[in-house]
Every structure is written in C-alpha cells, then in structure tokens.
Amino acid sequence: MNSTKTLDRPRLDDIPPVWPPDDNGGGGGGGDSGSSEPEAEFFSGRLGVWLVMAGVGMIFFAFIATYVFMRLDADTWPPSGGARLPKGMGYGTLIIAFSSLSVGLGQGAIRRGARQRFFLCFGVAITFGALFCVMQTWFWYRLLDAGLGLGGNRFTSSYFALTALHVAHVLGGLAYLAFALWSVFRRADHEIVDNAAMFWHFVGFIWLVLFLVLSL
C-alpha cells in the first residue's frame, strides 16, 4: 500500500509582505529606504556642483594670480600702446548682477509653488545672461578693430584670456538654468533649481572679482 507523505507548505497568509524579514521581524526593504533615495540624489547633485565650482575656482585663481603678478611687475599699466577696459563693462556687471537677482527670485517662487513667476524670473535671468555674452563679444570686437588682439600686449592678452574663460562658464551656466527650467516644466524634482542657481551665483561672483581686478 503506497503511503503519500504530505509536505507542509507555508500558506500565503504566513509570508511577510517583504522577504526576507530583517532582524526585528519587519520587512528588510521597507521603512525609510525608499524615501532616502531622493535625498541621496540631491546631495549627490549638490556635491557634484561643489566639486565643479572648486575646480573652476582654482582655474580662475591661477589666471588671476598670473595677471596680478604681471600687473605688479610692470612699471606702467597698461603697457605702452595698450588700452583700458572697454567703456560699458560696468553695464555688463549690472546686467550679470540683475540676472543673478532674478535667479534668486525664481528660487523663492518655486519654493512657494508659484510656477508662473518662476518661469518668468528664470526666463529673465537667461535673457540677461545671454545679453551679457553679446556685450562681451562686442567688447572683443572693439578691441580687435583697434588693433589690440591677443598678441597686442600683456594687458589685452590677459583681458581676452580671462573674459573668454568666463564667457565659456557663463554659457555653461545658461545651459544649466535652461535645464532647470525644462525640469520644472516637466514637473521633475525641484532640487535642480537650487543647484543651477548656486552655480549661476558663483559665475556672477567670479565676474565681479574679474571686473575689480581688471579695473585696477
């Protein structure tokens, strides 16, 4: 006579919702693990921006230090046949400052949930940032038209190098602001706004330092 051995199988009601359970008897994958992912992504993005700004800051520090050493070593500055800063650069400083202010207002707007005001503020900031690049290009053209190119003298060479390096980072900052604008439009996470704003304020601060150094 064949005997059939019955195996005890766990019923569905006996299986925890998350398997395997942790040491406390709860679900190993539950709890706060899911909620920590956005926070981890936020700090990861913020850390990346800080690292980029640190690298960019060191590059500008090296360029500015070289310029200052040349300035202190020269008997007359700008050198003979050189030219002072193009007229109107002060307006460019005001433009980049106003753009940074608009970004700050946009940050406050998105925190209050005022999306339309955010779009307006960031749109204005991007427009003025682009206008700053156009003005800088016009200053380059005026110097080149006056025969003061990269090989003119140490002042003009330094001016072209410093301002071109800054404009390159302004363009990168504009792309970052545009990406933040697009992210909010797609209803993505708003932490990208703070990261983009932090980089844009940094670019504006760099220009203020450059303007003061070149004006000496």
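So, how was this worked out
- Residues numbered from 1 in each chain as written.
- Predicted model: local features only at pLDDT ≥ 70, side-chain atom pairs only at ≥ 80, totals over all residues.
- Heavy atoms only, no water.
- Helix = DSSP H or I, 4+ residues; strand = E, 2+ residues; numbered from the N terminus.
- Contact = heavy atoms within 4.5 Å.
- Areas by Shrake-Rupley, 256 points an atom, 1.4 Å probe, with all protein chains shown as cover.
- Expected span 1.5 Å × (residues − 1).
- Axes fitted to C-alpha atoms, helices over the stretch in contact; angles between N-to-C directions.
- Parallel < 35°, antiparallel > 145°, perpendicular 65-115°, else oblique.
- Left-handed = near helix turned anticlockwise from the far one by under 90°.
- Salt bridge = Lys/Arg side-chain N within 4 Å of Asp/Glu carboxyl O.
- Buried < 20%, exposed > 50% of the residue type's maximum accessible area, 1.4 Å probe, protein only.
- Nonpolar A, V, L, I, M, F, W, Y, C, P; charged D, E, K, R; others polar.
- Phe/Tyr/Trp six-rings, centres within 6.5 Å; stacked < 30°, edge-to-face > 60°.
- Core = buried A, V, L, I, M, F, W, Y, C linked by side-chain atoms within 4.5 Å.
- pLDDT = per-residue confidence, 0-100.
- Patch = residues over 30% accessible without salt bridge, like charges linked within 9 Å, V, L, I, M, F, W, Y side chains within 5 Å.

So, on to the overall build of the protein. From N to C terminus, the protein includes five helices and zero strands. Reading the secondary structure of the protein in the N-to-C direction produces α-α-α-α-α. Taking contacts inside the protein between residues at least 6 apart in sequence as the whole, the part at least 24 apart equals 76%. Only carbon and sulfur atoms are counted for the fraction: they give 64% of the accessible area of the protein, which is about 13300 Å².

Moving on, we come to helix α2 (residues 89-111). The end-to-end C-alpha distance of α2, which contains 23 residues, comes to 34 Å, matching closely the 33 Å that a straight helix rising 1.5 Å per residue would cover. Two residues or fewer after α2 comes Gly-113, characterised by a positive phi angle close to 85°.

It is the contact of α2 with helix α5 (residues 191-215), at a shortest axis distance of 10 Å, that shows an interaxial angle of 160°. Viewed along their axes, α2 and α5 adopt a mutual orientation that is roughly antiparallel. Relative to α5, α2 is oriented so that their crossing is left-handed. Of α5, the residues touching α2 (which contributes Met-89, Gly-90, Gly-92, Thr-93, Ile-96, Ser-99, Ser-100, Val-103, Gly-104, Gln-107, Ile-110 and Arg-111) are Val-193, Asp-194, Ala-197, Trp-200, His-201, Gly-204, Trp-207, Leu-208 and Phe-211.

A separate point is the pattern of salt bridges. The final tally for this structure, using the stated rule, is one salt bridge. Between Arg-111 and Asp-194 there is a salt bridge, with its nearest N and O atoms 3.2 Å apart. Separated by 83 residues along the polypeptide, Arg-111 in helix α2 and Asp-194 in helix α5 bring together distant segments of the chain. Among the residues examined, Arg-111 registers a relative accessible area of 60% and is labelled exposed.

Now for the packing of helix α4 (residues 154-185) against α5. Between α4 and α5, whose axes approach to 9 Å, the crossing angle comes to 165°. With respect to their mutual orientation, α4 and α5 come out roughly antiparallel. α4 and α5 meet at a crossing whose hand is left-handed. Considering only residue class, the contact of α4 with α5 consists of 20 nonpolar, seven polar and no charged.

Taken as a whole and judged by the stated rule, the model has ten aromatic pairs. Taking 6.4 Å as the distance between ring centres and 50° as the angle between the ring planes, the aromatic pair formed by Tyr-176 and Phe-199 counts as tilted. Here the residue Tyr-176 occupies a position in helix α4, and Phe-199 occupies one in helix α5, the gap between them amounting to 23 residues.

Before going further, it helps to spend a moment on the nonpolar core. Counting 52 residues, the largest nonpolar core has Phe-118, Tyr-159 and Val-193 as its most contacted members. Within the residue set of this core, elements represented by two or more residues are α1 (36-73), α2, α3 (115-145), α4 and α5. Take this core: its biggest share by element is 15 residues, from α5. Leaving out residues up to four positions away in the same chain, Tyr-159 has contacts with Leu-85, Pro-86, Met-89, Gln-136, Phe-139, Trp-140, Leu-143 and Leu-214.

Interpretation of the predicted coordinates at a detailed level should be avoided for regions scoring low in pLDDT. Model confidence for the protein is summarised by a mean pLDDT of 80, while 73% of its residues fall at 70 or above. Here residues 3-7 is modelled with pLDDT under 50, and outside its nearest four sequence neighbours on either side it reaches zero contacts, counting other chains as well. When the criterion is pLDDT under 50, residues 15-40 qualifies, and its contacts beyond four places in sequence or with other chains add up to eight contacts.

This part covers a nonpolar patch on the surface. Among the surface-exposed residues, Phe-98, Leu-101 and Leu-105 lie close enough to one another that they form a single nonpolar patch of about 270 Å² accessible area. Relative to the elements of secondary structure, Leu-105 occurs in helix α2.

Moving on, we get to α4. Taking 1.5 Å per residue as the helical rise, α4 with its 32 residues ought to reach 46 Å, and the 46 Å between its terminal C-alpha atoms agrees with that figure. One or two steps after α4, the chain reaches Arg-187, where phi turns positive at roughly 60°.

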